[in-house]
Amino acid sequence: MTTVALFVTCLVDLYRPGVGFASVKLLEEAGCEVVVPEAQTCCGQPAYNSGDRRDAMAIARQVITAFADFDYVVAPSGSCAGMIKHHYPALFAGDPQWRIKADDLARRTHELTSFLVDVLQVEPAPARFDGTVTYHDSCSSLRELGIQAQPRALLGKVEGLALRELKTPEACCGFGGTFCVKYPEISTEIASRKAADVAATGAGTLLAGDMGCLLNIAGRLQREGHAVKVRHIAEVLAGMADGPAIGEPQS
Amino acid sequence: MKSTAHGFKENARNALQDTQLRDALSVVGTNFIVKRRLAADALPEFETLRDEATAIKNRTLNELDLHLERFERKVVEHGGVVHWCIDAAAARETVLSICRSVNAKTVTKGKSMLGEEIGINPFLEANNIRPIETDLGEYIIQLADEPPSHIIAPAVHKTKSQIADLFEKHHKRPRSMDGEALVAEARAMLRQSYFDADVGITGANFLVAETGSSVIVTNEGNGDLTQTLPKIHIVLASIEKLVPTFEDMATILRVLARSATGQQMSVYTTVSTGARRAEDPDGPEQYHVVLIDQGRSAMLGTELQDLLRCIRCGACMNHCPIYHAVGGHAYGWVYPGPIGAALDPALLGVAEAHHLPNASTFCGRCEEVCPMRIPLPKIMRHWRERAFEDDIQPVMQRTAIRWWAFLARRPFLYRANTRLAMWLLHALGKTRGRFKSLPFAGGWTAGRDLPAPQGGTFHAQWAAKGGRTK
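Residues numbered from 1 in each chain as written. Chains lettered and ligands numbered in written order. Predicted model: local features only at pLDDT ≥ 70, side-chain atom pairs only at ≥ 80, totals over all residues. Heavy atoms only, no water.

Residues and elements named next belong to chain A. Structurally, chain A comprises domain 1 (2-119) and domain 2 (127-237). A combined buried area of about 1,800 Å² lies between domain 1 and domain 2, and 68% of that area is made up of carbon and sulfur atoms. Among the residues domain 1 hides against domain 2, the three largest losses belong to L11, R16 and T113. Together they make up 25% of the total. Counting the contacts that link domain 1 with domain 2 gives one salt bridge. Here E235 ties to R16 by a salt bridge, and the two come within 2.8 Å at their closest N and O atoms. Taken together, the links from domain 1 to domain 2 amount to nine residue pairs in polar contact (both at pLDDT 80 or more). Among the elements of the structure, α1 (10-15), α2 (17-29), α5 (78-91) and α7 (112-120) are those that each provide at least two residues to the side of domain 1 that touches domain 2. Examining the composition of the side of domain 1 that touches domain 2, we find that eight residues originate from one element, α5, more than from any other. Across the side of domain 1 that touches domain 2, the residue classes tally to 12 nonpolar, 10 polar and four charged. (Domains from an automatic or database assignment. Buried area = accessible area lost by both parts, 1.4 Å probe. Salt bridge = Lys/Arg side-chain N within 4 Å of Asp/Glu carboxyl O. Polar contact = N/O pair within 3.5 Å; in protein donor to acceptor, adjacent residues only side chain to side chain. Helix = DSSP H or I, 4+ residues; strand = E, 2+ residues; numbered from the N terminus. Nonpolar A, V, L, I, M, F, W, Y, C, P; charged D, E, K, R; others polar.)

Here it is in structure tokens:
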């Protein structure tokens, strides 16, 4: 049996554990044994993109070590998967010993939808979602990992689901990690443009594969009073989209 | 040009509140993007050409000294002069002494970002020489007494209505809102200037080593009039404009206009080689190339060398969400957008320009469209690292990152702390599902609701279920 180590990501761990369980369900249904290594916290991207290279490297070493012995590593995030696949090897460019380990981890690491479609190539268990959705490509999924067709292929198999594309699906939502709090006015302006694009589709639900984008777009949609529900794609694919969507009342 | 890059935050805030600017900028995020896409899609070898263009510049930069010397020999062979200038001040003095040699009163100018960089216009004005911009966009912003806000569309921040107001005020003619009429009006006002000017100054898109030529690409033909009618033609060029051969230039030209405006070629591609010969029907009596270093040679052989491949097409800013939101002036110096965010810290110092590389979501679209494949986000990250090392970033941000990293490196401590924080946030927010405002989260909640967490952490729930952890 294929053993998959789940890189939960900090935002899923803290903000929306349900996405982690949806990922586990999808992987198990696809015939994988899922392991969640304890020594994981975050991929280190906030430090890396803030210029704190030393801390980023320390966190990267911790991740590399924790995930050393598994067939595959899967993250329900293009951003964190991109960090591990592209930036870990770059971080250790001058350190051959760690570079080998970073390259090895990079080869084994995949974003969730890409892993299901490209690596496992299995038909996911049938799921049902009644409604019209639109899909936001995270910048890291789209441009760092070239993921565009995979989530759409999976959504195409969900019964009852109709996909309406955004007018500018390649546009950033304005999250940008710490950018969104360092330059909040600019971030909000970019998020407003994304929210307008989402609202214009008329879709009842917005899906994406990255919690950062989802929190940002949900926050802006709700501030503007739009009724669009916002969820991680894994929730819909796993048939676990019954509970409150992001930012909705929970009791 | 005096920098206000350190005031980026305030500049950006003002820009976001400027509704006319918002109207004017709306074309950048749509027209430029669509046109580039169509041009790239129409050329099957476009991606291959980008690789070739990148390789040409890499090769040239690796032996730049040889190409520069060859270029000078060829310029001299054709009766021209090359002036080697280490910095902006030397370049300004050189231009002034050439102008004074013919007692110049007015100077016509083709578009030159390097001219902006070295501040040639205010310098000439201070020395009683009147510079007249002849590119339409540059002419407009000269009337408005503003710097360019885009490297190929300098007046893109102006609406047609604002331009009509400017023309009415300066030309003393009836106000028109017809685009063609406005262009004709500017053309009529500029006409005599070409004949009156003693010196014509242009920039250069390329310097060709094998022939000693300078090359400009324009869409209005103003550059040709600027450089052929006056007695003296001065070319302002920085050292990275060199290409070894005409063939090399032709390759890069094929990606330049397509990336910039979506044209296959700009309307005019004009090659200047030396001064007027006896048999030439027209041309300048003197041909001067003011070759400027201004920090470029210091980038050679460093992680910044990739920046010297830039051909100033503007594709990066045309595709940048930050540029779309705030426009070019907010960046506070000559080069806005992603190229400015990567280049300005090198030319101004990271202390002055640290906001620019920080104000990016790293969405990666700039790198995706850069015809010269400059790794712009990587270079911005380099500057963030420098700012972090030099303690330039705000103390709060540094402390928050270091404190968070301290926890992230200690999973047990991290879990204890985050579990408590998430429990609290969930308890406070679950009923409404989100927060309108929250202490310490003002950066987020000023423009967005903050969703409340779902409750419990994944790791705690996984452990409670007895899930496998090794």
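Moving on from the model shown.
This part is about the domain arrangement of chain B. Parsing chain B into structural domains produces domain 1 (43-139 + 194-298), domain 2 (312-395) and domain 3 (405-464). Averaged C-alpha coordinates put domain 1 of chain B and domain 3 of chain B at centres separated by 57 Å.

Glancing now at the interface of chain B and chain A. Taken together, the 71 residues of chain B in the interface contact 71 residues of chain A. Summing both sides of the interface, chain B and chain A together bury roughly 6,300 Å²; the carbon and sulfur share of this comes to 57%. Per-residue buried area on chain B facing chain A is highest for R448(B), Q454(B) and F458(B); these three make up 12% of the total on that side. One salt bridge in this structure joins E368(B) and R143(A), with 3.9 Å as the shortest N-O distance. (Contact = heavy atoms within 4.5 Å.)

Below, the discussion takes up the packing of α5(A) against helix α6 (residues 96-108) of chain A. All names here are of chain A. Following both chains from N to C, one finds α5 and α6 inclined at 165°, their axes separated by 8 Å at the closest point. Between α5 and α6, the interaxial angle falls into the category roughly antiparallel. In this structure, α5 crosses over α6, and the sense of that crossing is left-handed. Contacts between α5 and α6 involve I84, K85, Y88 and P89 from the former and R99, A102, D103, L105, A106 and R107 from the latter. (Axes fitted to C-alpha atoms, helices over the stretch in contact; angles between N-to-C directions. Parallel < 35°, antiparallel > 145°, perpendicular 65-115°, else oblique. Left-handed = near helix turned anticlockwise from the far one by under 90°.)

Next up on the list: the sheet that holds strand β9 (residues 268-272) of chain B. Adjacent strands of a sheet pair through backbone hydrogen bonds, lying either parallel or antiparallel. Residues and elements named next belong to chain B. Spatial strand order, β8-β5-β6-β9: four strands in an open sheet with mixed pairing. With partners counted over all chains shown, the strands left at the sheet margins are β8 (242-243) and β9, one partner each. Of the pairings in the sheet, the one linking strand β6 (residues 213-218) to β9 comprises five bridges and is antiparallel in character. Across the sheet, the residue bridging to S214 is S272, located in β9. Across the sheet, helix α13 (residues 246-260) is in contact with β5 (206-208), β6, β8 and β9; its angle to β5 comes to roughly 160°. (Pairing = 2+ DSSP bridges.)

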